[in-house]
Structures are given as structure tokens and as C-alpha cells.
Amino acid sequence: MSSATYDFDIPVDRRGTWCVQWDGITDRFPVPDLLPFTISDMDFACAPQVLSALTSRVAHGVFGYTDWRNDDFRGAIREWFRTRYATEVDAERLVYAPSVLNQISQLLRMWTGPGDGVVLHAPTYDGFRKAVTGLGRELRAVGSDDWAGLERELARPDSRVFVLCSPHNPTGRVWTDAELRRMAGLARTYDVAVISDEIHADLTHDGHVHRPFVRYADADAGAGGLRWALVTSGTKAFNFPALTGSYGFVGDPDDHAEFVRRMDTGEGLASPAVLSLTAHIAAYREGGPWLDALRAYTYGNLRMVEEKLAAGLPELGWRVPQAGYLAWIDLRPLGIEEDGELQRVLVEEEKVAVMPGGTYGAPGFVRLNVGCPRSKAEAGIDALIRAARRVAR
């Protein structure tokens, strides 16, 4: 189905809906009423197939305790992985949690202790940083192409977990088969557990293939093989994070049982949000055409960003990322090494909010969210170009 079937150009006014990106702008920026390109959600209504399913479920009128271990939910996930990723997943390894970060935090509590090392690629999504340091673990960041550094950090005796972001946030990098095999091999060699966050998997662009980490895990994970978990959600690609909900797969049967026990008892989260289950099932069963149209549209936004940067700031040599709707832009070739002055100009003069690279451990970069109508995306990149020209040395 072509992207023309769905009209992503129509603006949706999100103000006054308790929206973090629009209504919560002053939580991150000192000036109200900025045009936001910040938190990683989109300004589009979610798929009509999902909205229809939600409407039907709301009309039922009863919202009692719900069980995620049902055949509709598990079957929709199995079929999605089979048709989208040519990957068979074991429903007996399935787990459920309110969010991907909640899953990661629970797994870190299971697999690490205070002071233990958690290895991640740099730049690092700030949610990972908060989860790791908030639990009193030591974050050990290495560059995405620094294989020697990755092995060095994994080899440290107190490194317990490697958090893999696949595809990577904020860069949009899609890892190759060879890279994933190499990472899995290093983790196995040094007995480091892997948590693979794949929430951006459904947003890869043509020519780039996402490979679920389950392909690289040992079948005998509970008998001396690689300890692993895959965590993900349909909330990112189908734009319903406010409904909450995530799921994952935990390889080792004992780890799986412990994760479920903790969620059911210690966390008191045995019953999921029923609308989250409804949305996931509808998205995976019926939402594929909408998702393909969305991917084409956001790729068009990114191509527009590439063209405008080539014309306005050619020294950057910026190219469209391999996945996602986040433009990760390196401004250091312009002599912009820090965030401060650029952010001042963006906020005070251009009246836009763009995430500074320092949030992800990379001053001199920005992360521009173009998951929005093209007119808004054009306004954002035009403002960034003007600001960067004023600040550039």
C-alpha cells in the first residue's frame, strides 16, 4: 500500500493533552511555547486499524484485570516476527512489562549488583544512563566502532551486562549480521549477559535489515551458553507509548521464571493495561500497511533534511540514518564543540526545542525528531541551519 493512502501531512494539535513533547516543554527548556523536536514520539495519530480496535474495546465498557498470557497476544507477536523478520520466537520465553526501560531495570536488578559494570555503546540514550546510574551500577560507554574498547570493557571481571540498542538510538544505526555475531561472541567469551533493546526495529529504512538478537543466542542458554534477553514494544513504531506496554523474551528458563515472579509479586504488575494488549494485537495483525506508509513518509522527511543540510551546511556531509525518524547531526565540523551557545540561539532566537547532544554524552551534536508533518520538519531544520550558521566559528 502506498504512502498516499494515509495523509501524514495533516497536523494534529497535541497541546492541552498532557503531552510531554508539547505541554511539558519547560521541563527541559527554560522558555515556554517552543516548537518541539524533542522526545522520541511522533505527532501522528496511530494507525486507524489500532484506533478502530481501541474504540471497539472501549465500547465493551468493562476494564477488569487482564491476562497477557493469552493466545491472541502471543500469536500476534509470533506472526509479526515470522513475517517481518523471518524469525521464529518461542512464546514460552515471552514476558510482559509496562515499558522497555522497566524491563531493563528489572533485568539489571536480577543480573547485577551495586557497583557492577554495564557496557553500552556511545552516544548513549539518556534513558539507559538514568536506569544504570539510578540503580547504582557503573555505566561503561564505548564507541560503536571501537571493537577493542568493547572487548576491553566486557573483559573486566565486574562487567555483568551489555545493553545493546538495536537499531541504535540516537544514531539510527542498524547492526549487520557480522557485527551482531561478533558482539554475541564477545559477550559469550567473557560471560556477560546481553539485553537487546529493539524498540526501533520496526522503523528500518529500505536497504537495511533488522535482525532480532534471538538469532544469535545459544539454544542451551541455561547450560553454560549466552545469557540474554530481548526487550521491545509496538509503542514506538505505532505511536501509542501513552498506552504503556512492552514485551520481551528471556532466554534462560530460570531467569524467565524469576522475571515473571518479580513482576507478578514484588512489582505487583501481574495484570497489564488491556488497551495496550488491544493496540499491540491490532497493530501486529492489521497495521502493517500503515507502518510501511509511515516509514516511507518519515524517510521522506529525512531525505528533506539531507537536502537542506547539503545546501545550507554542506561541510557536515550528513546522510539519512539507517533506521528511525531521529536525525543525529554532528555539528563539530562547524567548530561547534559544546551545546550551550547553540541551544541559546535555538531557544531564545529561533523558538525551537531540539535535543542537545550532551544529553547522550556527545556535545556538539543535536538530535532532531522529524516524526511529524513535513511542514513542521522543514521549520525545524531551517531553524537549526540558521542557528548553526550564527554560532559556527
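Above this text sits the structure in question.
These figures come from a predicted structure and were not determined experimentally. (Residues numbered from 1 in each chain as written. Predicted model: local features only at pLDDT ≥ 70, side-chain atom pairs only at ≥ 80, totals over all residues. Heavy atoms only, no water.)

J.: Just to check I follow, could you spell out the pairing of strand β3 (residues 117-122) for this structure?
T.: Both faces of the sheet carry side chains from a regular strand, because those side chains alternate between them. Of all six residues in β3, five are buried, a share of seventy percent or more. Judged from the six bridges that link them, β3 and strand β4 (residues 138-143) form a sheet pairing that is parallel. Bridge assignment links A122 to a residue of β4, and that residue is G143. Tracing the backbone out of β3, into helix α4 (residues 126-134) and back to the parallel element β4 gives a crossover that is right-handed. Pairing between β3 and strand β5 (residues 159-165): four bridges, direction parallel. Across the sheet, the residue bridging to G117 is S159, located in β5. (Buried < 20%, exposed > 50% of the residue type's maximum accessible area, 1.4 Å probe, protein only. Helix = DSSP H or I, 4+ residues; strand = E, 2+ residues; numbered from the N terminus. Pairing = 2+ DSSP bridges. Right-handed = clockwise from strand over helix to strand, strands pointing away.)

J.: Before we go on, may I ask you to explain the sheet that holds β3 in this structure?
T.: Across a sheet, paired strands are connected by hydrogen bonds in the backbone, their directions being either parallel or antiparallel. Taken together, seven strands build an open sheet; the order of strands is β2-β8-β7-β6-β5-β3-β4 and the sheet is mixed. Strands at the two margins of the open sheet, each flanked by one partner only, are β2 (94-97) and β4. If you compare each strand with its neighbour and ignore which way they point, the axes differ by 25° on average. Strands in contact with helix α2 (residues 71-85) are β2, β7 (228-232) and β8 (246-250); relative to β8, the strand with the most contacts, it is inclined by about 70°. (Axes fitted to C-alpha atoms, helices over the stretch in contact; angles between N-to-C directions. Contact = heavy atoms within 4.5 Å.)

J.: Explain the pattern of salt bridges to me, please; I cannot follow it from the model alone.
T.: Pairing between side chains becomes possible if they bear opposite charge and their charged atoms approach one another. Summed over all chains, the structure comprises 37 salt bridges. Put simply, K308 and D382 hold a salt bridge, and the shortest N to O gap is 3.1 Å. Here K308, found in helix α10 (residues 288-312), pairs with D382, found in helix α12 (residues 374-391); they are 74 residues apart in sequence, far enough to count as distant. Counted as one network, the salt bridges with shared partners bring together E341, R344, E348, E349, E350, R386 and R390. (Salt bridge = Lys/Arg side-chain N within 4 Å of Asp/Glu carboxyl O.)

J.: How should I be thinking about the packing of helix α1 (residues 48-60) against helix α9 (residues 274-286) in this particular structure?
T.: Helix-helix packing is described using two parameters, namely the angle between the two axes and the distance between the axes. Interhelical geometry of α1 versus α9 gives an angle of 140° and a closest axis separation of 8 Å. Two packed elements cross with a definite hand, and for α1 against α9 that hand is right-handed. Here Q49, V50, A53, L54, R57 and V58 of α1 lie close against α9, whose contacting residues are V274, L275, T278, A279, A282, A283 and E286. Partitioned by chemical class, the residues of the contact of α1 with α9 number nine nonpolar, two polar and two charged. (Left-handed = near helix turned anticlockwise from the far one by under 90°. Nonpolar A, V, L, I, M, F, W, Y, C, P; charged D, E, K, R; others polar.)

J.: What's the story with unusual backbone geometry in this structure? I'm lost.
T.: Leaving glycine out, the prevailing phi sign among residues is negative, and the prevailing peptide bond configuration is trans. Residue P123 follows A122 across a cis peptide bond; omega there is 0°. Inspection of the secondary structure assignment puts P123 in the loop between β3 and α4. Cis geometry is found at the peptide bond from S166 to P167, where omega equals -5°. By secondary structure assignment, the location of P167 is in the loop between β5 and α6 (177-189). The backbone phi angle of D33 is positive, close to 60°, even though this residue is not glycine. The topology assignment puts D33 in the segment before β1 (35-37). Here D33 falls in the exposed class, since its relative accessible area comes to 74%. The backbone of A86 sits at a positive phi, close to 50°, despite the residue not being glycine.

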